[in-house]
Amino acid sequence: MKNIITFLFFTLSCALSIHAQNMKDGIDYCKGGYYDDAIAVLEKCMDSPDTDKGTAYYYLGLAELGKKDVQKAQAALSKSIENVDASSLESILASGTMALLNSDTKGAEKYFKKAEKQDKGSAPVLREICRVYVLVDPFKYTKETEQYIVKCMKQGDAGRWASCLIQGDLAGDITQAASWYEMAMSSDDKDFEAVAKYARLFADTNSKYAIAAYQRYIQDNPSASNKAIAEKLLKSLQER
């Protein structure tokens, strides 16, 4: 009986750990631009009590936005707001995104400035705000993203990393984007987002560059939490 209880406890612990990791995987997929994978993973882990639903729904909303499904994006963002305290960073960012989707540019700016103030203008938050502008309309909000790039550049190494990612997202062609993502990778060799976005540029045209990027990341980051994702994406490229 004792052995059965021990086994059940172990199984439950593993299940909770897997669900928690799944949410992180979903976020990493979303940040890397693998929106179908992000949606599948995030939806799957929603029923787990171990999932931070405010965060999970926020990135689910961004993934749907990446797929250009505004209606589903709004639904997910609304659930994010429902599942967190109104003063939380996720709620503020989700509210700003909703305002932007409703063409309330001034309202969105107020929320994003609030997010900046709450997180003391850190590079990761500035990067998240730019992620929203780019997903909603990179051409319409060029001025806003350029202003955030300037802010990022004042944040040291982390800011340079963020600004490179933003400029990679805004680049007009593959060569320019690859150059910016390479600079982001050199600024932070542990950054999965830059590797994933760089690899996606070449996955269909010159996969050897994508394969090399994932191999280098896995070799340099053997204990990274997203190593399994990198290995999965690498394998899919090698099997083509």
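Residues numbered from 1 in each chain as written. Predicted model: local features only at pLDDT ≥ 70, side-chain atom pairs only at ≥ 80, totals over all residues. Heavy atoms only, no water.

Once that is clear, we can look at the state of the cysteines. With the rule as written, the count across this model stands at zero disulfides. The thiol of Cys30 is unpaired, and the distance to the nearest cysteine sulfur, on Cys45, comes to 13 Å. Residue classification places Cys30 among the buried residues on the basis of a relative accessible area of 2%. Taking the relative accessible area as the measure of exposure, Cys45 reaches 0% and is therefore buried. (Disulfide = S-S within 2.5 Å. Buried < 20%, exposed > 50% of the residue type's maximum accessible area, 1.4 Å probe, protein only.)

Residue position: Leu201 is located in helix α11 (residues 192-202). The sequence separation of Leu201 and Thr175 amounts to 26 residues, and the corresponding C-alpha distance is 9.0 Å. Discounting residues that sit within four places of it in the chain, Leu201 has contacts with Ile174, Ala177, Ala178 and Tyr181. (Helix = DSSP H or I, 4+ residues; strand = E, 2+ residues; numbered from the N terminus. Contact = heavy atoms within 4.5 Å.)

The biggest cluster of nonpolar side chains holds 75 residues, and the ones touching the most others in it are Tyr58, Phe112, Phe192 and Tyr214. Dropping the residues within four chain positions of it, Tyr58 is found in contact with Leu77, Ser80, Glu90, Leu93, Ala94, Thr97, Glu128 and Val132. (Core = buried A, V, L, I, M, F, W, Y, C linked by side-chain atoms within 4.5 Å.)

Counted according to the given criterion, the structure contains 13 salt bridges. Two residues, Asp36 and Lys67, come together in a salt bridge whose shortest N-O distance is 2.7 Å. One end of the pair, Asp36, is in helix α2 (residues 35-44); the other, Lys67, is in the loop between α3 (53-66) and α4 (70-82), with 31 residues separating them in the sequence. Take Lys67: its relative accessible area is 41%, and that puts it in the partly exposed class. Among the ionic pairs, Glu193 bridges to Lys197, the shortest N-O distance being 3.4 Å. Taken together, the residues Glu193 and Lys197, both in helix α11 and four residues apart, mark about one turn of the helix. As far as the burial class goes, Glu193 and Lys197 line up, both buried. Ionic contacts of the salt-bridge type, sharing partners, join the residues Arg127, Glu128, Arg131, Asp169, Glu193 and Lys197 into one network. (Salt bridge = Lys/Arg side-chain N within 4 Å of Asp/Glu carboxyl O.)

Put simply, the largest pocket is a space of about 590 Å³. Lining the largest pocket are 25 residues, and of these Val134, Gly168, Asp169, Leu170 and Tyr181 sit closest to its centre. Taken together, the elements giving at least two residues each to the lining of the largest pocket come down to α1 (2-32), α7 (123-136), α8 (142-152), α9 (156-170), α10 (174-187) and α11. Residue composition of the lining of the largest pocket, by class: twelve nonpolar, five polar and eight charged. Every residue lining the second largest pocket is counted, 21 residues in all, and those nearest its centre are Lys31, Tyr59, Pro124, Glu128 and Arg131. At the level of secondary structure, the elements contributing two or more residues to the lining of the second largest pocket comprise α1, α3, α5 (89-101), α7 and α11. By residue number, the principal contributor to the lining of the second largest pocket is α7, which donates five residues. (1 Å grid on protein atoms, 1.4 Å probe; cavity = no way out; pocket = protein on both sides within 12 Å on 5 of 7 lines; lining within 4 Å. Points joined across faces, edges and corners; volume = space filled by probe spheres on them. Nonpolar A, V, L, I, M, F, W, Y, C, P; charged D, E, K, R; others polar.)

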